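Chains, contacts and geometry: an overview
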Amino acid sequence: MSEMRRVTAICNGTAIDHIPSGNALQVLKMLRLDVGRSNPISMVMNVPSGKMGRKDVLKIEDRELNQEELDRLALIAPKASVAIIRNYRVAEKRTIELGSELVNIVRCSFSNCITQNSREPLPHKLKIISSEPMEIRCSYCGRHQNVDEMVEFII
Amino acid sequence: MGDLITMDDLTNEEILQILDDANILLPVARGELYLPLLQGKVLGNLFFENSTRTRMSFETAMKRLGGEVLNLSSIGSSVAKGETLYDTMQMVDGYSDIAVIRHPNQGAAQYSADAVDIPILNAGDGAGNHPTQTMLDLFTIREAHGTLEGLNVMMVGDLRYGRTTHSLSHALMRFGAKLTLVSPKSLKMPTEIVSDLKSHGGDINETIDMASSIDSADVIYMTRIQKERFPDEEEYNKVAGIYKLTAGDLGNAKSGMIVMHPLPRVNELDSSVDSTKHAKYFQQAFNGVPTRMALLCRGLSVNVPRKVK
């Protein structure tokens, strides 16, 4: 765990380990933690990992991620491990599971999709066709979603 | 559920069953026999985008089976006042037993099906799917060749925006067709569709050359380059008129080869083809009636008798 020593242990909050190398900034964006927050966040990128070769790690102080937020994470870091830290101890371990459908997390990116009308009340739904490689389509219009660009379409 | 949103809603067996039903209903479609299977039922015909054949053939189909039709077009209705599709569908759900929807936005048919309980038949959503057209195309192909299995099918023209060819290529693939996709580079079939077709074991050849494949084709499916789907006129002018099929091109065609076109046509299909034995596009347009009759019956869970007369 030498890479964990690069940042100090946190008292309370969430540690996200095993983020694919280089994706930590995207993870922050997807969790909407990149702007307008005052809690301290530590980030290490491209550190050696036995499992992954290289990985990113995030430690978010004073913030416990809930399941809905974890669903967001599944899109770009499906194999990340999440630990909820309370009083310097791992209080809970949460695994991220990519479900079969993403409901009201990301909107379809296709400009002519019926869901582009913000007044339409039904939920935004994206179907997970496969996780490796990640293939996601809009449940309504069927369009392929570019996973790298999905962060722009978070609801 | 009797929804038909994409061809994936039907198994191959169901497709063949619907085509059999349509075949039985031919005399009813021609008006030679009145068979009020859908008496007392109301069809909501919802066209948020222009249509001639689809709209009229659904209306004829419903009326020939004894049902009633409500027509809605977006012009002059509450849709023009900014009503959401969701709200419009709640109203239609109260007024009709089944609805046909054409809409400029992709995904509108599935969205409608999620919004209401009545069965929804997709009559074209943007550049998405048009499965009832596919069913009448399959009916026409089977009528001519006696089978859907293993045919050589050429699709020509706007394969990017042409929803007709998207649905039809999926369906034909499931019956082992060999597809030759002929289009200018800018109007190629979308890559996700081609990769889908290939992942299902499809035998696909993409080319810009129409002439070299004509002689080996069992079906030539022409499509119009759709001006209304181009972002600007300059882009349209670059590719308009690139293909034109004339009677002279068909000299060495197989004798049973058929020429199809979802219509309307502009210049891509010359009227000289009309008088050849290959021309099947007007028959294809008529076939919309028996096929849509069979689909309305399926949607409303009404069995078509095995024999009429």
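Residues numbered from 1 in each chain as written. Chains lettered and ligands numbered in written order. Predicted model: local features only at pLDDT ≥ 70, side-chain atom pairs only at ≥ 80, totals over all residues.

Some words on the overall build of chain A
Broken down by element type, chain A carries 2 helices and 8 strands. For chain A, the C-alpha radius of gyration of 16 Å lies close to 15 Å, the compact-globule estimate for 155 residues. Classification of the 155 residues of chain A by burial places 32% in the buried group. Of the contacts made within chain A by residues no fewer than 6 positions apart, 63% connect residues no fewer than 24 positions apart. (Helix = DSSP H or I, 4+ residues; strand = E, 2+ residues; numbered from the N terminus. Rg over C-alpha atoms; globule rule 2.2 N^0.38 Å. Buried ≥ 20, exposed ≤ 12 C-beta atoms within 10 Å, placed from the backbone. Contact = placed C-beta atoms within 7 Å.)

Some remarks on the packing of helix α3 (residues 53-64) of chain B against helix α10 (residues 281-299) of chain B
Residues and elements named next belong to chain B. Here α3 crosses α10 at 55°, and the two axes come no closer than 8 Å. In terms of their interaxial angle, α3 and α10 are classed as oblique. At the point where α3 passes α10, the crossing takes the right-handed sense. When α3 is examined against α10, the residues Arg53, Ser57, Phe58, Thr60, Ala61, Met62 and Arg64 are found in contact with a partner set consisting of Ala285, Gly288, Val289, Arg292, Met293 and Leu296. Among the residues forming the contact of α3 with α10, the class breakdown is 7 nonpolar, 3 polar and 3 charged. (Axes fitted to C-alpha atoms, helices over the stretch in contact; angles between N-to-C directions. Parallel < 35°, antiparallel > 145°, perpendicular 65-115°, else oblique. Left-handed = near helix turned anticlockwise from the far one by under 90°. Nonpolar A, V, L, I, M, F, W, Y, C, P; charged D, E, K, R; others polar.)

Notes on the domain arrangement of chain B
All names here are of chain B. Structurally, chain B comprises domain 1 (7-129 + 287-299) and domain 2 (131-285). In this complex, domain 1 contributes 19 residues to the contact, which on the side of domain 2 involves 22 residues. Elements represented by at least two residues in the side of domain 1 that touches domain 2 include exactly α1 (12-24), β4 (120-125) and α10. Of the residues that constitute the side of domain 1 that touches domain 2, the class distribution is 9 nonpolar, 8 polar and 2 charged. (Domains from an automatic or database assignment.)

Points about the sheet that holds strand β1 (residues 13-20) of chain A
What holds strands together in a sheet is hydrogen bonding between their backbones, with the strands either parallel or antiparallel. Residue and element names in this part refer to chain A. Taken in spatial order, the 5 strands of this open sheet run β2-β3-β1-β4-β5, and their pairing is antiparallel. Single-partner strands in this sheet number two, and they are β2 (41-49) and β5 (89-95). The sheet shows a mean angle of 20° between the axes of neighbouring strands, taken without regard to direction. As judged from the 6 bridges shared by strand β4 (residues 81-86) and β5, these two strands associate in the antiparallel manner. Counterpart to alanine 83 in the pairing with β5 is lysine 93. (Pairing = 2+ DSSP bridges.)

A short note on the sheet that holds strand β1 (residues 42-47) of chain B
All names here are of chain B. The strand order across the open sheet formed by 4 strands is β2-β1-β3-β4, and the pairing between neighbours is parallel. The strands lining the two open edges of the sheet, one partner per strand, are β2 (68-73) and β4. Here the average twist between neighbouring strands, direction ignored, is 15°. Examined bridge by bridge, β1 and β2 share 6 bridges and lie parallel to one another. Its bridge partner being in β2, asparagine 45 is matched across the sheet by asparagine 71. Running over the sheet, α3 touches β1, β2, β3 (98-103) and β4 and is turned about 175° from β1. The sheet contacts of helix α4 (residues 85-95) involve β1, β2 and β3, and relative to β1 the element is tilted by about 155°.

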